[in-house]
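Secondary and tertiary structure notes
Each chain, written out:
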Number of protein chains: 2
Amino acid sequence: MSKPSLPQGTRDFGPEVVRKRQYIFNTIRTVFELYGFQPLETPAMENLETLMGKYGEEGDKLIFRILNNGLDNPDKQQQARADFEKVLEGKNVKGITERALKYDLTIPFARYVAMNHGQLTFPFKRYQIQPVWRADRPQRGRYREFYQCDADMVGSNSLLNEVELANIYNDVFTQLGIDQYELRINSRKILAALAELCGGADKMIDITIAIDKLDKIGLDKVKAELEQRGLNEEQISTIEKYLNITGNNREKLQQITALIGHLETGKKGIEELEYLDNNSQIDNRHSPLVLDFTLARGLNYYTGIIFEAKAPATVKIGSIGGGGRYNDLTGLFGVPNIPGVGISFGVDRIYDVMEELQLFPENVAIGTQVLFFNLGADESTMAFSHMQSLRKQGVRCELFHEPTKMDKQFKYAEKKNIGFVIIIGSQELQNGTCVVKNLKTGIQETIPVANLTSKLFI
Amino acid sequence: MSKPSLPQGTRDFGPEVVRKRQYIFNTIRTVFELYGFQPLETPAMENLETLMGKYGEEGDKLIFRILNNGLDNPDKQQQARADFEKVLEGKNVKGITERALKYDLTIPFARYVAMNHGQLTFPFKRYQIQPVWRADRPQRGRYREFYQCDADMVGSNSLLNEVELANIYNDVFTQLGIDQYELRINSRKILAALAELCGGADKMIDITIAIDKLDKIGLDKVKAELEQRGLNEEQISTIEKYLNITGNNREKLQQITALIGHLETGKKGIEELEYLDNNSQIDNRHSPLVLDFTLARGLNYYTGIIFEAKAPATVKIGSIGGGGRYNDLTGLFGVPNIPGVGISFGVDRIYDVMEELQLFPENVAIGTQVLFFNLGADESTMAFSHMQSLRKQGVRCELFHEPTKMDKQFKYAEKKNIGFVIIIGSQELQNGTCVVKNLKTGIQETIPVANLTSKLFI
């Protein structure tokens with residue numbers, strides 16, 4: 001038997017990491033629920049046809065397909081061979097593979113809404129925290145199995161939803177202690193107006209693709225790409241003016257109004273951004289909301305406000321969340337006219353930010369709080385009964401599994417990072433006492449067992 | 001586009017069901033942690049070779065394999081065709097399928113322990129709550145994707161662990177309100193002694209298989225099967241005597257001692273059961289612990305105590321949990337001599353029991369607690385600010401997404417089962433008041449907005 005191993009790009013999460021991740025998930029979940037979002041869980045597997053064609057050609061190739069069972073049935077082999085030939089041509093054939101692992105949470109959500117729209121109450125607000133799978137080449141920070149954390153509100157065009165989502169980002173990051181984050185916002189309508197200004201909506205995709213690379217390649221290369229994509233000098237100069245807008249939010253709004261405020265779409269986009277900037281109640285401190293006209297959010301289906309949450313500049317991690325408004329969630333599944341807006345949290349990166357800035361509360365990593373020593377049959381029977389009553393008070397306890405040298409039991413507590421040990425030996429048994437030792441401070445005291453309460457271990 | 005659908009045997013879980021399931025998971029998780037068990041999460045995918053050959057021939061056929069990506073690469077097609085021929089013969093070939101979905105939580109746990117045993121502190125106590133996948137024929141109560149909920153303690157032979165696990169069952173079921181459950185216990189050593197009594201250990205598998213069917217087929221058919229499996233009249237009469245043991249635990253122990261107490265293995269098995277019966281501190285009420293010598297737990301790897309938790313007899317649901325002691329968790333992965341004992345909760349069935357007996361607390365199903373009406377721009381700005389302060393106090397609130405007729409907003413609250421609405425109209429805005437209406441009782445009152453606190457909505 002060869003040494004066991006994990007598939008590339010997947011991870012085991014041991015106790016401490018699970019606890020820290022749960023801390024992030026629980027914080028996000030609680031905030032989602034405070035804002036009236038409802039939990040949804042969809043299966044890991046979807047029918048292949050539900051997923052195919054939704055993520056572009058490159059995306060389709062990264063979908064993990066599941067091999068049908070029963071291919072060794074002799075009656076079906078002829079057909080299976082013929083079907084497999086089609087798989088070799090890059091096609092998907094039900095006879096070989098009917099199902100696949102979900103690639104994101106949005107398409108399964110759309111599929112759910114399309115299947116259940118008659119029963120759902122709109123606007124429908126759902127959140128979903130589940131793993132997804134992508135056959136990407138694994139690299140630092142990129143996994144083949146990872147969690148997504150989405151909240152979407154569908155069936156409403158109200159900008160109030162965008163305000164709520166901005167507040168959700170703020171509540172979550174503030175609660176996690178990531179208070180130096182930035183929430184960058186823009187509107188697709190602003191980008192559309194820029195395209196119009198440059199001579200027509202047909203340029204919007206070219207402009208968006210190029211602008212989206214600004215962070216990575218810099219202004220000069222963006223200009224070169226725009227030229228390559230057929231934009232002329234005058235158009236490129238307009239875009240440069242656009243990209244050079246700076247200042248605080250108010251100043252930026254003034255400059256963008258001067259540039260595209262005369263266009264209908266531009267005016268609408270500006271109004272959206274103003275509404276969001278004025279209404280997000282980001283407490284009374286310096287607002288993390290930053291208008292960023294260079295924000296484009298790739299080539300996706302967004303139509304209005306777009307969001308990108310950035311990690312504090314001191315950690316070089318970049319985006320830790322994003323989202324935006326879309327016109328049509330379920331049209332692909334035959335149910336048109338369901339607009340919506342949604343956001344997502346990047347949990348793996350948030351985890352890295354919190355590790356780097358040491359933001360996890362100390363007690364998050366603690367498993368067992370108290371170890372009762374096992375010093376013989378009668379002693380451990382007494383220990384056992386006290387352990388059970390501490391558990392009833394919510395204290396996480398263990399009794400060492402066998403009577404053995406104290407030394408060994410101390411070592412077990414230390415290795416497991418258990419904060420307290422309780423020792424009941426023959427003398428303590430006689431006196432009705434126990435020794436409580438704090439392993440961090442080294443301080444130990446003998447107390448009547450009647451005084452053992454959860455308060456000692458907080 | 002055809003109507004979207006779900007793969008057979010899989011389920012979407014909507015808001016209310018997710019909440020109820022979370023209630024069960026959280027109860028189990030909290031108890032596991034009180035007993036010192038640590039969380040582990042392993043990936044959905046394992047290398048195929050990790051899983052194959054671990055579940056018997058039938059089990060192997062039910063594993064969902066994942067098709068490798070990139071099979072449409074022209075350079076590899078010749079090889080792919082040859083590999084596929086082997087798949088048609090029922091073999092597994094890395095070129096076609098390297099990975100598979102996990103089939104249970106035990107083998108991934110064993111793989112984890114084998115990979116990390118140098119770093120782990122033994123005894124190692126882990127719990128794991130994750131979905132698994134089986135290509136079983138779907139039927140009522142049997143799904144292709146379902147959660148398992150396991151706790152195992154490895155690296156210790158102490159019976160104290162069995163006592164702890166029995167107590168875990170009791171704490172969980174009592175907290176969930178399923179207090180009429182039964183925890184049936186037996187020892188594989190008792191079954192081994194019975195085989196010895198019948199003329200040799202080689203009969204143990206035959207006897208176990210037949211006895212395991214007693215519940216389903218009755219004594220006569222079990223006897224017929226034993227005969228068919230080559231046991232003679234005298235042996236069958238011994239087994240019948242064994243199966244007919246009745247009474248309370250004390251009486252059963254007397255009878256089993258008379259039957260097999262003279263055999264070494266039998267004596268050991270009896271001691272195990274006595275220890276467990278005497279030491280499980282199932283409070284001071286009628287004990288759910290029932291010695292059941294007919295319990296066999298199939299053809300698995302158990303070697304000592306075996307458990308089966310049964311739903312209350314009033315609901316016809318049967319087993320809601322099970323487990324037992326094994327000699328060797330990781331031998332299959334090249335790390336011998338790690339004994340352990342574990343239990344599992346059947347969450348889908350526990351859910352059904354709780355629904356049937358109406359055991360879910362009423363508040364578990366409640367999402368949003370308070371809906372603020374939206375009655376115009378100024379009114380909703382005021383509502384928004386009060387909503388934010390209620391959220392800070394932990395109240396789950398929404399503001400209706402757009403100003404519209406009260407009627408429509410009431411309907412939304414009703415459909416979403418929201419308990420309270422808060423109305424701030426132009427008059428209330430002037431007076432600094434709001435109307436709080438309890439939708440269950442129909443009672444409404446006008447109060448100063450300053451009096452809005454979370455206490456109103458408990």
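Predicted model only: the values in this text are computed from it and were never measured.

What about the sheet that holds strand β8 (residues 289-291) of chain B?
Residue and element names in this part refer to chain B. Spatial strand order, β1-β5-β6-β11-β10-β9-β7-β8: eight strands in an open sheet with mixed pairing. Each end of this open sheet is capped by a strand with a single partner; those strands are β1 (38-39) and β8. Packing of helix α1 (residues 15-34) onto the sheet brings it into contact with β1, β5 (124-133), β6 (145-154) and β11 (340-345), and relative to β6 it is tilted by some 5 degrees. In the packing of helix α5 (residues 106-116) onto the sheet, contacts are made with β5, β6 and β10 (319-326), and the angle to β5 comes to roughly 135 degrees.

Some remarks on the interface of chain A and chain B
Between chain A and chain B, the residue contacts involve 101 residues of the former and 101 residues of the latter. Summed over both sides, the interface of chain A with chain B buries roughly 8,800 Å², with 57% coming from carbon and sulfur. At the boundary of chain A and chain B, one finds ten salt bridges. Here Glu164(B) ties to Arg391(A) by a salt bridge, and the two come within 2.7 Å at their closest N and O atoms. Seen at the junction of chain A and chain B, the total is 33 residue pairs in polar contact (both at pLDDT 80 or more). The element best represented in the side of chain A that touches chain B is helix α4 (residues 77-88) of chain A, accounting for seven residues. Here the residues of the side of chain A that touches chain B are counted per class, giving 45 nonpolar, 30 polar and 26 charged.

Focus: the relation of the copies chain A and chain B
With an RMSD of 0.0 Å, chain A superimposes on chain B once it is rotated by 180 degrees and translated 0.0 Å along the axis. Such values leave the two copies arranged in the relation of a two-fold axis. Residue Ile66(A), judged by its C-alpha, is the member of chain A lying nearest the rotation axis, at 2.2 Å. Most of the interface of chain A is mirrored in chain B, where 100% of its interface residues again form contacts.

Section: α5(B)
Of all the eleven residues making up α5(B), ten are buried; the element is thus mostly covered by neighbouring parts of the structure. Inspection of α5(B) places Thr106(B), Ile107(B), Pro108(B), Phe109(B), Ala110(B), Arg111(B), Tyr112(B), Val113(B), Ala114(B) and Asn116(B) among the buried residues, and these make up the whole buried set. Its buried side turned inward, α5(B) meets α1 (15-34) of chain A together with β2 (45-47), α2 (48-51), β5, β6 and β10 of chain B.

Some details on the packing of helix α11 (residues 249-260) of chain A against helix α12 (residues 264-279) of chain A
If you want to describe how two helices pack, look at the angle between their axes and the distance between the axes. Residue and element names in this part refer to chain A. Contact geometry of α11 with α12 gives a least axis separation of 10 Å together with a crossing angle of 170 degrees. It follows that α11 is roughly antiparallel to α12 by the angle criterion. Contacts from Asn249, Leu253, Ile256, Thr257 and Ile260 of α11 reach α12 at Gly266, Lys267, Ile270, Leu273, Glu274 and Asp277. The residue inventory of the contact of α11 with α12, partitioned by class, reads five nonpolar, three polar and three charged.

Structural notes on the pattern of salt bridges
Residue and element names in this part refer to chain A. As enumerated under the stated definition, the model contains 56 salt bridges over all chains in all. A salt bridge links Glu46 to Arg111, with the nearest nitrogen and oxygen atoms 2.8 Å apart. Taken as a pair, Glu46 in strand β2 (residues 45-47) and Arg111 in helix α5 (residues 106-116) lie far apart in primary sequence, 65 residues in all. The exposure class assigned to Glu46 is buried, which follows from its relative accessible area of 0%. As a salt-bridge pair, Glu182 and Arg184 come within 2.7 Å of each other at their nearest N and O atoms. Exposure remark for Glu182: the relative accessible area of 28% places this residue in the partly exposed category. On the basis of relative accessibility, which here comes to 23%, the residue Arg184 falls in the partly exposed class. One salt-bridge network, in which partners are shared between bridges, spans Asp206, Lys213, Glu225 and Arg229.

Quick word on the pairing of β5(B)
Residue and element names in this part refer to chain B. Where burial is concerned, most of β5 is hidden: ten out of the ten residues are buried. Residues Phe124, Arg126, Gln128, Gln130 and Val132 line one face of β5 and the alternating positions Lys125, Tyr127, Ile129, Pro131 and Trp133 line the opposite face, and both faces are buried. Bridge count for β5 against β6 is ten bridges, and the pairing is antiparallel. Residue pairing for β6: Gln128 is matched across the bridge by Asp150.

Structural notes on the UniProt feature "binding site: L-histidine" (unreviewed entry) in chain A
All names here are of chain A. Residues annotated in UniProt with the feature "binding site: L-histidine" (unreviewed entry) correspond here to Asp104, Leu105, Thr106, Arg134, Gln148, Asp152, Arg297, Tyr301 and Tyr302. In contact with Thr106, not counting residues within four places along its chain, are Asp150, Tyr301 and Leu329. The residues touching Tyr302, leaving out its near neighbours within four places in the chain, are Arg188, Arg297, Gly323, Gly324, Arg325 and Tyr326.

Things to note about the sheet that holds strand β14 (residues 420-423) of chain A
Residues and elements named next belong to chain A. Overall, mixed pairing links the five strands, which are arranged β13-β12-β14-β15-β16 in an open sheet. For this open sheet the edge positions go to β13 (397-399) and β16 (444-448), each flanked by a neighbour on one side alone. If you compare each strand with its neighbour and ignore which way they point, the axes differ by 25 degrees on average. Taken together, the three bridges between strand β12 (residues 370-372) and β13 define a ladder with parallel strand orientation. The residue of β13 that forms the bridge with Leu371 is Glu398.

Quick notes on helix α9 (residues 214-228) of chain A
Residue and element names in this part refer to chain A. Counted at 1.5 Å a residue, the expected span for α9 with its 15 residues is 21 Å, but the 15 Å between its end C-alpha atoms falls short. Looking at α9, one finds that the buried residues are Leu214, Val222, Glu225 and Leu226. Looking at the buried side of α9, the elements it contacts are α8 (204-212) and α10 (233-243). Following α9 by one or two positions, Gly230 adopts a phi angle in the positive range, close to 95 degrees.

Quick word on the domain arrangement of chain A
The domain boundaries assigned to chain A delineate domain 1 (10-64 + 103-177 + 315-365), domain 2 (182-310) and domain 3 (370-454). Each of domain 2 of chain A and domain 3 of chain A has a C-alpha centre, and these two points are 63 Å apart.

Comments concerning the side chain of Ser156(B)
Take Ser156(B): it is sitting in the loop between β6 and α6 (160-176). Here the side chain of Ser156(B) touches His401(A) through a polar contact of 2.5 Å, side chain to side chain. Side-chain polar atoms of Ser156(B) contact the side chain of Asn161(B), separated by 2.9 Å. Sequence-distant contacts of Ser156(B), defined by excluding residues within four places in its chain, comprise His401(A), Pro123(B), Asn161(B), Arg325(B) and Pro339(B).

Thoughts on the environment of Thr330(B)
All names here are of chain B. Within the secondary structure, Thr330 sits in the loop between β10 and β11. With 175 residues separating them along the chain, Thr330 and Gly155 place their C-alpha atoms 11 Å apart. The residues touching Thr330, leaving out its near neighbours within four places in the chain, are Ala110, Val113, Ala114, Val335 and Ile338.

Notes on the environment of Asn278(A)
All names here are of chain A. Its location among the elements puts Asn278 in helix α12. Residue Asn278 is classed as exposed on the basis of its relative accessible area, which comes to 58%. Along the backbone, Asn278 and Val163 are 115 residues apart, and their C-alpha atoms lie at a distance of 9.3 Å.

Focus: unusual backbone geometry
Negative phi is the rule for most residues except glycine; trans is the rule for most peptide bonds. Residues and elements named next belong to chain A. Residue Pro123 follows Phe122 across a cis peptide bond; omega there is -5 degrees. For Asn417, which is not glycine, the phi dihedral falls at a positive 60 degrees. Checked against the element boundaries, Asn417 lands in the loop between α15 (406-415) and β14.

Some words on the packing of aromatic side chains
In total, this model carries 41 aromatic pairs over all chains according to the counting rule given. A centroid spacing of 6.2 Å and a plane angle of 65 degrees characterise the contact between Tyr169(B) and Phe307(B), whose relative ring orientation is edge-to-face. Taken as a pair, Tyr169(B) in helix α6 and Phe307(B) in strand β9 (residues 302-310) lie far apart in primary sequence, 138 residues in all. Here the two residues Tyr169(B) and Phe307(B) agree in accessibility, since each one is buried. Note on Phe400(B) and Tyr412(B): the rings are 5.2 Å apart at their centroids and 75 degrees apart in plane angle, and the pair reads as edge-to-face. Taken together, the residues Phe400(B) in the loop between β13 (397-399) and α16 (406-415) and Tyr412(B) in helix α16 connect sequence positions twelve residues apart. Like Tyr412(B), Phe400(B) is buried. The aromatic ring of Tyr103(A) is capped on one face by Arg134(A), whose charged end is 4.0 Å from the ring centroid. We note Arg391(B) situated over the ring of Tyr35(A); from NZ or CZ to the ring centre the distance is 3.6 Å.

Rules used in this analysis
Residues numbered from 1 in each chain as written. Chains lettered and ligands numbered in written order. Predicted model: local features only at pLDDT ≥ 70, side-chain atom pairs only at ≥ 80, totals over all residues. Heavy atoms only, no water. Pairing = 2+ DSSP bridges. Helix = DSSP H or I, 4+ residues; strand = E, 2+ residues; numbered from the N terminus. Contact = heavy atoms within 4.5 Å. Axes fitted to C-alpha atoms, helices over the stretch in contact; angles between N-to-C directions. Buried area = accessible area lost by both parts, 1.4 Å probe. Salt bridge = Lys/Arg side-chain N within 4 Å of Asp/Glu carboxyl O. Polar contact = N/O pair within 3.5 Å; in protein donor to acceptor, adjacent residues only side chain to side chain. Nonpolar A, V, L, I, M, F, W, Y, C, P; charged D, E, K, R; others polar. Least-squares fit on C-alpha atoms with pLDDT ≥ 70 in both. Buried < 20%, exposed > 50% of the residue type's maximum accessible area, 1.4 Å probe, protein only. Parallel < 35°, antiparallel > 145°, perpendicular 65-115°, else oblique. UniProt positions renumbered as here; feature names shortened; annotations may be inferred. Expected span 1.5 Å × (residues − 1). Domains from an automatic or database assignment. Phe/Tyr/Trp six-rings, centres within 6.5 Å; stacked < 30°, edge-to-face > 60°. Lys NZ or Arg CZ within 6 Å of the ring centre and 35° of its normal.

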